[in-house]
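One letter stands for each residue in the lines below.
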Amino acid sequence: DSGVTQTPKHLITATGQRVTLRCSPRSGDLSVYWYQQSLDQGLQFLIQYYNGEERAKGNILERFSAQQFPDLHSELNLSSLELGDSALYFCASSAQGINTEAFFGQGTRLTVV
Amino acid sequence: GNSVTQMEGPVTLSEEAFLTINCTYTATGYPSLFWYVQYPGEGLQLLLKATKADDKGSNKGFEATYRKETTSFHLEKGSVQVSDSAVYFCALSPNGDMRFGAGTRLTVKP
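Summary of the structure given here. (Residues numbered from 1 in each chain as written. Chains lettered and ligands numbered in written order. Predicted model: local features only at pLDDT ≥ 70, side-chain atom pairs only at ≥ 80, totals over all residues. Heavy atoms only, no water.)

Moving on, we get to the interface of chain A and chain B. Each partner contributes to the interface: chain A provides 22 residues, whereas chain B provides 21 residues. Carbon and sulfur atoms make up 45% of the area that chain A and chain B hide from each other, which totals about 1,700 Å². Our count for the chain A to chain B interface comes out at one salt bridge. A salt bridge links B:Lys49 to A:Glu101; the nearest nitrogen and oxygen atoms lie 3.0 Å apart. If you look at where chain A meets chain B, you find three residue pairs in polar contact (both at pLDDT 80 or more). Secondary structure elements with two or more residues in the side of chain A that touches chain B: strand S4 (31–37), strand S5 (43–50), strand S6 (53–57) and strand S9 (87–94) of chain A. Of the residues that constitute the side of chain A that touches chain B, the class distribution is nine nonpolar, ten polar and three charged. (Contact = heavy atoms within 4.5 Å. Buried area = accessible area lost by both parts, 1.4 Å probe. Salt bridge = Lys/Arg side-chain N within 4 Å of Asp/Glu carboxyl O. Polar contact = N/O pair within 3.5 Å; in protein donor to acceptor, adjacent residues only side chain to side chain. Helix = DSSP H or I, 4+ residues; strand = E, 2+ residues; numbered from the N terminus. Nonpolar A, V, L, I, M, F, W, Y, C, P; charged D, E, K, R; others polar.)

So this is what it looks like as structure tokens:
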């Protein structure tokens, strides 16, 4: 158990809909990362938050947004969903520091039909 | 910017073969380097890490040496097993901000 919790584990929704994915980081970790992993594709970095503030942005679509709340949990909002948004979405957290690794949740599998 | 480039897969080997997965990095400063593994149906988990030049990380028979002169962190294993079939990700953390390579899928056949 990595200590990172993602909910829900599975989500099936229709095109055009909006969903929210939730992530609870490890206790004490201030950084939260969101990644998208499509079938047979690598890990695409979406966005990083540190202590409530956006720290880095990757290949995140304008239809997607995220935030980190004062209790450090994070949510990833995906709107106007398209079939191509079907993927595994991972959250990871890390403590700040140069030698710290990231710990991953089990992911949310989103299927858009 | 900070990034890693790893060899593209997929890689298919027979059991007990030698494994090398190449990883090179670009970074300012002196990042920590990591290898993560993702088994089928699971999230990523840390396999090994190295925090400074010439450090060797090792775990479960896998090794990688932090080579500053060649900016590389290649993953090696002397004798792979079927259970090593997974996707392997190289990553760096120059200041606590993790960045990953695209991943290399390894399939080991009996």
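Read on for the rest.
Tallied over the full model, the rule gives two disulfides over all chains. Between the sulfur atoms of A:Cys23 and its disulfide partner A:Cys91 the distance amounts to 1.8 Å. The sign of the -55° torsion about the S-S bond sets the A:Cys23-A:Cys91 disulfide as left-handed. Here A:Cys23 is found in strand S3 (residues 19–24), whereas its partner A:Cys91 is found in strand S9, with 68 residues between them in sequence. Residues A:Cys23 and A:Cys91 agree in their burial class; the two are buried. Covalent S-S linkage joins B:Cys23 and B:Cys90, the inter-sulfur distance amounting to 1.9 Å. Note on the B:Cys23 and B:Cys90 pair: the S-S dihedral is about -65°, so by sign convention the disulfide is left-handed. With B:Cys23 in strand S4 (residues 23–26) and B:Cys90 in strand S10 (residues 86–93), the pair connects residues that are 67 residues apart, well separated along the chain. As far as the burial class goes, B:Cys23 and B:Cys90 line up, both buried. (Disulfide = S-S within 2.5 Å. Buried < 20%, exposed > 50% of the residue type's maximum accessible area, 1.4 Å probe, protein only.)

For the bond running from A:Thr7 to A:Pro8, omega is -10°, close enough to zero to count as cis. By the element assignment, A:Pro8 lies in the loop between strand S1 (5–7) and strand S2 (10–13). Looking along the chain, the bond that leaves B:Gly9 and enters B:Pro10 is cis, with omega of -5°. Tracing the backbone shows B:Pro10 in the loop between strand S1 (3–6) and strand S2 (11–14). The phi dihedral of B:Glu16 is positive, around 75°, even though this residue is not glycine. Positionally, B:Glu16 belongs in the loop between S2 and strand S3 (19–21). Positive phi, normally seen in glycine, also occurs at B:Asp54, with a value near 75°. Residue placement: B:Asp54 occurs in the loop between strand S6 (44–50) and strand S7 (56–59). In this structure B:Asp54 comes out as exposed when scored by relative accessible area, which is 54%.

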